[in-house]
Each structure stands twice: as C-alpha cells, then as structure tokens.
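Fold and contact review
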Amino acid sequence: MQKIKQEVKEFLKQYSMSYEEIDIEENCKLFVEEMEKGLKGEASSLQMIPTYISLGEKVPFNEPVIVLDAGGTNFRVAGCYFDEEKGPIIENYKSYPMPGVERETSKKEFFETIVNFMKPLLNYSKKIGFCFSYPTEALPNKDGKVLQFSKEIKLSELIGEAVGEGLLKALKDAGFSDDKEIVVLNDTVATLLGGKATYPDRVFSSYVGFILGTGTNTCYVEQNKNIKKLPDIQNKLGSMIINIESGGYAKAPQGVIDKEFDLQTANPGSYTFEKMISGRYQGGLISAVVKKAAEDKLVTKEFSDKFDKIGEITAVDINDFLYYPYSKSLLSTCCLEDSNDAIVLYHLIDTIIERAAKLTAINLSAILSKTGDGTNPCKPVCITCEGSTFYKSKLFKDKLVYYMKDYLNDKKDMYFEFVRADNSTLIGAAIAGLMN
C-alpha cells in the first residue's frame, strides 16, 4: 500500500501538482504583496474591492427587509427581521435555479426573472439586501457594478451594469411603483456580517468571511488608512470590509495539469486559484488528473475505458467515492475488484484535496499576517465559513485545520476560530439592507 501511495506522489510531483512542494511562508508573503498592491490600486490579481460597509452600526429590531441571494447554483429569496433578542427571523423562504447557469441569459431576462421571484414579497418591505456572489465593484451609494462572472455563469450582458439600479428599473417596468432602497453586497461580505450577528456576545479581535463552495472568496476588515486607492477614505479614522476576490489570485503555484485543465474552462487564464480549490472545478480538475494517470498507466486499461465513458464528474461524485470506494458510488464502478485501481484513485483524490487545503490555508493565513490580528488567544480572529466544499467534503476541513494550526498557532503565535452561522449570507444581506 505504501508503494502505491509513493507512486502517486511521484506522479504528481512529475507534473508539479504536489502539495509537498508548496512553501506556506513563501506563498503567504506573495499573497500579502498582492493584497497590498490591490489596496494601492496597482496591478494585482487580487481586486481588493472596498465595500463601504463597516461593523460599527447597530441593526434595528423588528424592521423587515427583503433578502435576495444570487449564488453559484441557486437564487434565494426571503423576508427577514431581527427580534428583541438580536435573533434573525427568516420568513417566506424560496430557492430557485440561478439564471445563467444552464445557458446564456440576457440582462433583461435576468432582471425580469428576479422580479418574478420577488412577487410574493414585494409588499413586505421597502428595503432590499441583495447578496450577489460575483466580482462586483461596490459603489459609494451601496449599489454594485458587475466586473465579471466566475463559476461558469453565462450573463455576459450584465458585466458593467449596476445590479441594484437594474433591478429597481425592472420593478418599475413591471408596474411596481413603490420606491425601494437596495444594498448590493458580495456573498463573502454577507457571510462575515452573518457570523458577527450570530455570535454577538463573543469577543473576537477581528472578522473574516470565507466561502468555499461552488466558488471561493474571502473578505476581511481593513483599516481605512491602508486603503490607499481611496484617498478620501484613507484620511478617515475607522475601517471597512474589503472583498478580496481571492478566487482570482494568480500567484499560486500551478502545475502542468492545472494549466491544461484551465484551457478547457469557459474563462481560461482567469480565476486560476478558484479552479485549484473550489467545488465547481474539483470534478473537472481531478478528472484531468485521473486521465493523465491513466496515460501513465497508474491504473488499469479497463478502469481507464470505463472512466472515459462516465463523462464529467462532480465534487459530489468524488465525495461519494471517498465514502464508498467499493460500492454505491459512480467512480467505484470503474475499479476492478482484483486491482489497485480504487487505492490509486483514492490517493490521487486525497493528494489534490490536500493541496487545496494547503492553498486555502495560505489564503487565510495571509489575511492574519496582513492585519496582525489574532495575537491574543482569548480574542481569536473569527472566520465565518460558508459553502458545501468546506462542510461536506470528507477530507478537506481536517486537512485545512491541520495547516492553519501548524502555521498560525505553532509558528506565528496567532489564533483563529472557524465558526458556522446558519443562513449567514441571508442574514448578512439583511443586515446590510437594514443599515442602508
């Protein structure tokens, strides 16, 4: 068994896909350098988008707000308010397929579809909190202009458009004359706000929002004085949340198979970090790794032939195999009973997920290194996590915690705590909508 594991490691090392070759300290420094360039407005793969949202304002009680959440797969709609106990009350929740997932969708159709989703709630409140899970330039009026799309979403006409303005116009065009106020924010920012609201009595040194599901992103709280690309803000005391857009990070060490796989995606050369770690691309990347392993004869020809007939695999298929490597899973049907196919496949998957965990640890550790927060173990940095890959992957979370503790706790004497907040993006969007 040890021999098989070693053969897999050597195979991945040959194509520069090994996690063992990645130095956390060195890559943290590179990540922080990109963060600082982005904050200065210099060329950087990290957009470091100012949100104009701070953590200091209090959330009003018993005031309703309409909440929209455009995610990687689903579009969610709900009503929300906060009771006297500071608890969020979510009402009239509905989930729909995200427009643009299956096919190219026009701007007009996108907004008309959302208006139809909203119809049962249009009399619920004049305020709207819109969580928009894609790279968006936050505007001072709390609207958001779409910069690009990731996660293979097909909404090209929406790029460059202000989401809130477009939705309000669509509401009026549909005959709804009641004026509404809207705040557009990123899902990662909503996650951070939702985590803070869920643990109001806990003492943390700072807050981070972390998404790892269909896509990936992080945000954190930055001092205004360090946001040098906003001269008017830089001279004001206080802080605001920065949307890093970390899925676009371009300095992570890509391997040969990463680069070959990237060319097969809808946006080659863009969001390469996301393609190395997120759920949307996990199936495709691991499929590319397995096919390369078949070419190098690490698995049997019978396995290779069956695997080719499967077509595209998903993160769910991968997780099913990890739980049921000899039965009940799609990938297990490719493995011959009297061969080492299942063991080779397990080690290939395990190693790629290990690399994803190490790269994620670099992303999160770089944030703490940048801010200097978390030096008091009694006041750790609160990292609110959201996303199916983080919570449902059989292997990922334990590996991430290992690298985070080894580097931050043991080597840097810095402390963090992963927390979960149910419906964090909905709650965060509600907070933003109410604080407008």
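Preceding block: the structure.
Here's a quick rundown of the structure. (Residues numbered from 1 in each chain as written. Predicted model: local features only at pLDDT ≥ 70, side-chain atom pairs only at ≥ 80, totals over all residues. Heavy atoms only, no water.)

So, on to the overall build of the chain. Counting its secondary structure elements, the chain contains 15 helices and 13 strands. Relative to the globule expectation of 22 Å for 436 residues, the C-alpha radius of gyration of the chain, 22 Å, shows essentially globular dimensions. Buried positions account for 56% of the 436 residues belonging to the chain. Residue pairs at least 24 apart in sequence account for 71% of intrachain contacts in the chain once pairs closer than 6 positions are excluded. Surface exposure of the chain reaches about 18900 Å², of which carbon and sulfur atoms provide 48%. Taken as two groups, the 53 positive and 62 negative side-chain charges of the chain have centres that lie 1 Å from each other. (Helix = DSSP H or I, 4+ residues; strand = E, 2+ residues; numbered from the N terminus. Rg over C-alpha atoms; globule rule 2.2 N^0.38 Å. Buried < 20%, exposed > 50% of the residue type's maximum accessible area, 1.4 Å probe, protein only. Contact = heavy atoms within 4.5 Å. Areas by Shrake-Rupley, 256 points an atom, 1.4 Å probe, with all protein chains shown as cover. Lys, Arg positive; Asp, Glu negative; His and termini not counted. Charge placed at Lys NZ, Arg CZ, Asp CG, Glu CD.)

Judged by pairing direction, the sheet is mixed, and its 6 strands sit side by side in the order β1-β11-β10-β9-β12-β13 without closing on themselves. Single-partner strands in this sheet number two, and they are β1 (49-50) and β13 (416-420). In this sheet, strand β11 (residues 239-243) lies alongside strand β10 (residues 216-223) in antiparallel orientation, the contact comprising 5 bridges. When the sheet's bridge partners are listed, E222 is paired in β11 with M240. Contacting β9 (206-212), β12 (381-386) and β13, helix α14 (residues 396-412) runs over the sheet at an angle of about 155° to β13. (Pairing = 2+ DSSP bridges. Axes fitted to C-alpha atoms, helices over the stretch in contact; angles between N-to-C directions.)

Quick look at the environment of G71 now. Tracing the sequence through the fold places G71 in the loop between β2 (65-70) and β3 (74-82). Exposure remark for G71: the relative accessible area of 14% places this residue in the buried category. G71 sits 28 residues away from P99 along the chain, and the two C-alpha atoms are 9.8 Å apart. Dropping the residues within four chain positions of it, G71 is found in contact with M98, S133 and Y134.

What is shown is where atoms sit, not what they do.
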